[in-house]
Amino acid sequence: MNSVTSPADAAADPSGQQPPPKQARTPPPRPATSPRLAGLCGVVATGTGLAAAALVAQATGPGSAPVTAIGNRLIDLMPAPLVNWGKETLGHADKPVLLVIVSLVALALGALAGLLAARRRHLGWVVIAPLAALSLLAASTDPAASFPSSLVPTLVALVVAVPLLSALVERAHSRTFADGTPDTEARRRFLTLLGGATTAAVVGVGAERVIDARVGAGSDAGLPPLPTPPATEAVPARAELGIAGLSPYVTPAKDFYRIDTALVVPRVSATKWTLSIVGQVRKPVTIDYATLLSRGLMEHVTTLTCVSNEVGGNLAGNAVWLGLPVRELLAEAEPLPGADMVLSRSADGWTAGTPLEALTDPHRQALLAVGMNGKPLPREHGYPVRMVVPGLYGYVSATKWVVELKVTSFAADQGYWTPLGWSANGPIKLASRIDVPVNGGAANATTVPSGDVVVAGVAWAQHTGVRAVEVRVDEGPWQPATLAEVTSVDTWRQWHWTWPSTRGRHLLQCRAQDATGAWQTEEQAPPAPDGATGLHSVDVVVG
Ligand SMILES: Nc1nc2c(c(=O)[nH]1)N[C@H]1C(S)=C(S)[C@@H](COP(=O)(O)O)O[C@H]1N2
Ligand SMILES: [Mo]
């Protein structure tokens, strides 16, 4: 039985016998390719492959592109302090920054694959195979993409990048004829391929960006128009003071702040959308978009606020939301005793934990919203359907692209941000802000002409209501501001005060009182874990 030996056994043959030299049959060694050129081949091949994959991912779901899929899984795996650090230091740039980092690492690994492939063609796989496996794994676990089509972009990347790398590396080494003259024709072919691939990659990425920006709300074929709600909430003219620089009472969708953890804005088709109410319920309910629209929708004006908003910050916005009260669907599902929370889940896997009683309360208009300011929700704000709950910070209530409501308990479940160090409960804190004069900061105080100066801003205490706002100058006595009207206690309230100013540098501050009589606290607290407090201050120079 010792006649069977594998090639590996033969190589390790302890007898020391060497296999006969094969020199005669192997072609003469290729001239060496410069490492720089080999690396460049790898970068171009990888870049072209990734661009092709990103384009294809426009059809299979944006979360299925290799870079996005890996980026999303990285966010999932990152420790909480790192996620929070990214959010705090980079703000909205955190996502582009992460995508750029993942892309650069992929291109760097592509360069390495190029170097290896230039030595021996199949060595490139040492880098490519694990990278592809990682991408396939990341895409297949993407909550927004459907398996197995989510694997297609990565496979496309391979089909493009691998032969391209071979072709580039094959042509990269400088050839010379027997008489020593360089083969300029071969060089030209190499450069043409390199340039062509680079151009294709750049055009591909550009096209992908254009398509991504174009495909938005309302693009679903056969989508029924939004119904005119029987119950509309007229915005009184006196809700809008019309002061230049003051936040408008109703925030246009394009100016509305945006917070989402997903690397790319999820694209959910309204015609395919369904919402399921599951968990601790007697009768699970599933509803589709057309049915949702056919129900008696209502309009309600609600001011959304982010828990991450700093004192004086602009992560708050007011909109007219059109939707179905969540309580109606919950009533049909019949929550079981013991349930005290609803975990709403987005198509991108994000979750929020909302107290059940806030959603079943007949006096709180918690909506499954389909419309924002008279139009279908923009994609960025949760198209086709999102939650809006008056009085609760967005992270515990305002799930965009919502697809599931799980009736559960705070003891059993947690929303996305809770294990990352944010409070399980997030009632919005009483706050007020000075919009005019603009806050230039202590080092760069706004200059206003002397005389009567209009000071104006907004104050909010959603679901309780704002009763009063006061302003003080240089920590002097508090002066009452005049309040504008509101549609309900669920929105912010504009206010203004005329300041008989004196020349020099001054500090303006405001504070609000809610409808229960409680005054906004002066005590400073950071946004984590349950919302910032403190007074908004603005430095001005009267000159
Ligand atoms: N799917 C999903 N929904 C989400 C979020 C998110 O990251 N993903 N962020 C929440 C947070 S923290 C806030 S403050 C609001 C913001 O809603 P907007 O982006 O429409 O202003 O959405 C909430 N809904
Ligand atoms: Mo938020």
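Just so it is clear, the structure is predicted and the values come from calculations on it, not from any experiment.

Peer 1: So what about the site of ligand 1? Which residues, and what values?
Peer 2: Every one of the 19 residues lining ligand 1 counts as a neighbour, but Tyr 257, Thr 261, His 381, Arg 386 and Lys 400 are closest to it. Within the contact set of ligand 1, an oxygen atom lies 2.7 Å away from a backbone nitrogen or oxygen of Tyr 257. Between ligand 1 and the protein, one listed contact pairs an oxygen atom with a backbone N or O atom of Ile 259 at 3.0 Å. When ligand 1 is considered free in solution it has 530 Å² of accessible area, and contact with the protein chains removes 100% of it.

Peer 1: Let's hear about the domain arrangement of the chain: which residues, and what values?
Peer 2: Often, the extent of an interface is quoted as the loss of accessible area upon association of its parts. Domain assignment breaks the chain into domain 1 (35-213), domain 2 (237-420) and domain 3 (431-542). Computed over C-alpha atoms, the centres of domain 1 and domain 2 are 37 Å apart. Note on domain 1 versus domain 2: buried area summed over both sides is about 1,500 Å², and carbon and sulfur give 57% of it. Between domain 1 and domain 2 we count 2 residue pairs in polar contact (both at pLDDT 80 or more) in total. Breaking the side of domain 1 that touches domain 2 down by element, the ones donating at least two residues are α3 (66-77), α4 (80-90) and α5 (94-119). When its residues are assigned to classes, the side of domain 1 that touches domain 2 shows 8 nonpolar, 7 polar and 3 charged.

Peer 1: Outline the sheet that holds strand β10 (residues 402-408), supporting the account with residue identities and numerical values.
Peer 2: Reading across the sheet, the 5 strands line up as β2-β1-β10-β5-β6 and stay open at both edges, with mixed pairing between neighbours. Since the sheet does not close on itself, it has two edges, and those belong to β2 (285-288) and β6 (351-355), each with one partner. In this sheet, neighbouring strand axes are inclined to one another by 15° on average, regardless of whether the strands run parallel or antiparallel. The pairing of strand β5 (residues 341-346) with β6 spans 5 bridges and is classified as antiparallel. Among the inter-strand pairings, Ser 344 is bridged to a residue of β6, identified as Ala 352.

Peer 1: Help me get a handle on the confidence of the model for the chain, residues and values and all.
Peer 2: Looking at the chain, pLDDT values average 89 and 91% of them are 70 or higher. Under a pLDDT of 50 for its full length, residues 1-25 has, in the predicted model, 0 contacts with residues more than four places off or in other chains.

Peer 1: Give a description of the pairing of strand β1 (residues 274-279) that names residues and reports values.
Peer 2: By the bridge criterion, 4 bridges tie β1 to β2 in an arrangement that is antiparallel. In the sheet register, Ile 277 faces β2, and the bridge partner there is Val 285. The turn joining β1 and β2, which pair antiparallel and follow one another in sequence, is formed by 5 residues. Alignment of β1 against β10, held across 4 bridges, turns out to be parallel. Directly across from Gly 279, in β10, lies its bridge partner Val 407.

Peer 1: Would you mind going over the packing of aromatic side chains in detail, with residue names and values included?
Peer 2: Counted under the stated rule, the structure contains 8 aromatic pairs. Relative to Tyr 257, the ring of Phe 256 has its centre 5.5 Å away and its plane inclined at 20°; by these criteria the two rings are stacked. Under the relative-accessibility criterion, Phe 256 is labelled buried at 5%. The class for Tyr 257 is buried, based on a relative accessible area of 13%. Here Trp 273 and Tyr 289 contribute two aromatic rings whose centre-to-centre distance is 6.3 Å and whose plane-to-plane angle is 85°, an arrangement assigned as edge-to-face. Taken together, the residues span a long stretch of sequence, with Trp 273 in the loop between α8 (184-214) and β1 and Tyr 289 in helix α9 (residues 289-294) at a distance of 16 residues. The burial state of Trp 273 is the same as that of Tyr 289; both residues are buried. By way of ring pairs, the aromatic residues Trp 350, Tyr 395, Tyr 416, Trp 417 and Trp 422 are connected into one cluster. Over the ring of Trp 519 we find Arg 511, and its NZ or CZ is 4.0 Å from the ring centre.

Peer 1: With reference to specific residues and values, describe unusual backbone geometry.
Peer 2: In this chain, Val 436 is followed by Pro 437 through a cis amide linkage whose omega measures -5°. Relative to the elements of secondary structure, Pro 437 occurs in the loop between β11 (431-436) and β12 (446-448). Here Ala 528 and Pro 529 are connected by a cis peptide whose omega angle stands at 5°. By secondary structure assignment, the location of Pro 529 is in the loop between β18 (504-514) and β19 (536-542). Phi at Trp 401 takes a positive value of approximately 50°, unusual for a residue other than glycine. Mapped onto the elements of the fold, Trp 401 is located in the loop between β9 (386-388) and β10. With a relative accessible area of 2%, Trp 401 lands in the buried category. Its identity is not glycine, yet Glu 475 carries a phi of approximately 60°, on the positive side. Along the polypeptide, Glu 475 turns up in the loop between β14 (466-473) and β15 (479-480).

Procedures and definitions
- Residues numbered from 1 in each chain as written.
- Chains lettered and ligands numbered in written order.
- Predicted model: local features only at pLDDT ≥ 70, side-chain atom pairs only at ≥ 80, totals over all residues.
- Heavy atoms only, no water.
- Near = heavy atom within 4 Å.
- Polar contact = N/O pair within 3.5 Å; in protein donor to acceptor, adjacent residues only side chain to side chain.
- Areas by Shrake-Rupley, 256 points an atom, 1.4 Å probe, with all protein chains shown as cover.
- Domains from an automatic or database assignment.
- Buried area = accessible area lost by both parts, 1.4 Å probe.
- Helix = DSSP H or I, 4+ residues; strand = E, 2+ residues; numbered from the N terminus.
- Nonpolar A, V, L, I, M, F, W, Y, C, P; charged D, E, K, R; others polar.
- Pairing = 2+ DSSP bridges.
- Axes fitted to C-alpha atoms, helices over the stretch in contact; angles between N-to-C directions.
- pLDDT = per-residue confidence, 0-100.
- Contact = heavy atoms within 4.5 Å.
- Phe/Tyr/Trp six-rings, centres within 6.5 Å; stacked < 30°, edge-to-face > 60°.
- Buried < 20%, exposed > 50% of the residue type's maximum accessible area, 1.4 Å probe, protein only.
- Lys NZ or Arg CZ within 6 Å of the ring centre and 35° of its normal.

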